[in-house]
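# Structural features, examined
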Amino acid sequence: MLDVDVAAAKLREGTDNVGKGSSFQQASSFLGDAYEQEGLSEVNSFLDVQVRSYAAFGIRLAGLCSQAFNQPCDNSNEIDTLVVAPPFLGATLEGLGLGATESEVEAAYGTGTV
């Protein structure tokens, strides 16, 4: 089962993981090449954001890249952001996934303070 480590921004399955700090190539090895969208969004004249969406898994990966600073926008680029959203089917090690109720979260982690 696919687990999400929110604190480390990593997806895990067994001892394998991918997330913040991994390359887009490592993401392909972990999640496969069946992503629905990939592209670049220009931030300014020397900085872009590379985005890859695995919509069927509810996962979006993004990484900053810049040809001007010799940081290519390709599979070697490093992932800076990992976003999970429905229909993400993974869960935390405690078995919580998207859509968990407040009482399920409190049962797993305790009651928080504001």
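## Considering the overall build of the chain
- Check the secondary structure of the chain and you find 2 helices and 7 strands.
- Ordered by position in the sequence, the α and β elements of the chain form the string β-β-β-α-β-β-β-β-α.
- Taken over 114 residues, the chain has a buried fraction of 31%.
- Nonlocal contacts in the chain, meaning residues at least 24 apart in sequence, comprise 38% of its contacts between residues at least 6 apart.

## Description of the state of the cysteines
- Counted according to the given criterion, the structure contains 1 disulfide.
- Linked covalently through their sulfurs, Cys 65 and Cys 73 form a disulfide whose S-S length is 2.1 Å. Here Cys 65 and Cys 73 share a disulfide; its torsion about the S-S bond, 100°, makes the bridge right-handed. Residue Cys 65 shares its accessibility class with Cys 73, and that shared class is buried.

## So, the sheet that holds strand E4 (residues 37-44)
- Taking strand neighbours across the sheet as the criterion, the 4 strands line up as E4-E5-E6-E7 in an open arrangement whose pairing is antiparallel. Every other strand in the sheet has two partners, leaving E4 and strand E7 (81-84) as the edge strands with one partner each. Neighbour-to-neighbour, the strand axes of this sheet turn through a mean angle of 20°, independent of strand direction.
- Bridging between E4 and strand E5 (residues 47-54) involves 7 bridges; their strand directions are antiparallel. Bridge pairing links Ser 41 to Val 49 in E5.

## A short note on the confidence of the model for the chain
- This prediction gives the chain a mean pLDDT of 83; 88% of its residues lie at or above 70.
- Across the chain, the element-wise mean pLDDT spans from 61 in strand E1 (residues 3-5) up to 92 in E5.

## Here we look at the pattern of salt bridges
- For the coordinates displayed, the defined rule picks out 1 salt bridge.
- In this structure, the salt-bridge partner of Glu 38 is Arg 52, at a minimum N-O distance of 2.7 Å. Within this pair, whereas Glu 38 is found in strand E4, its partner Arg 52 is found in strand E5, the two being separated by 14 residues in sequence.

## Topic: the side chain of Ser 28
- Assignment of secondary structure puts Ser 28 in helix H1 (residues 24-31).
- Excluding its chain neighbours within four sequence positions, the residues that come into contact with Ser 28 are Asp 33, Arg 52, Tyr 54 and Asn 75.

About the criteria used
Residues numbered from 1 in each chain as written. Predicted model: local features only at pLDDT ≥ 70, side-chain atom pairs only at ≥ 80, totals over all residues. Heavy atoms only, no water. Helix = DSSP H or I, 4+ residues; strand = E, 2+ residues; numbered from the N terminus. Buried < 20%, exposed > 50% of the residue type's maximum accessible area, 1.4 Å probe, protein only. Contact = heavy atoms within 4.5 Å. Disulfide = S-S within 2.5 Å. Pairing = 2+ DSSP bridges. Axes fitted to C-alpha atoms, helices over the stretch in contact; angles between N-to-C directions. pLDDT = per-residue confidence, 0-100. Salt bridge = Lys/Arg side-chain N within 4 Å of Asp/Glu carboxyl O.

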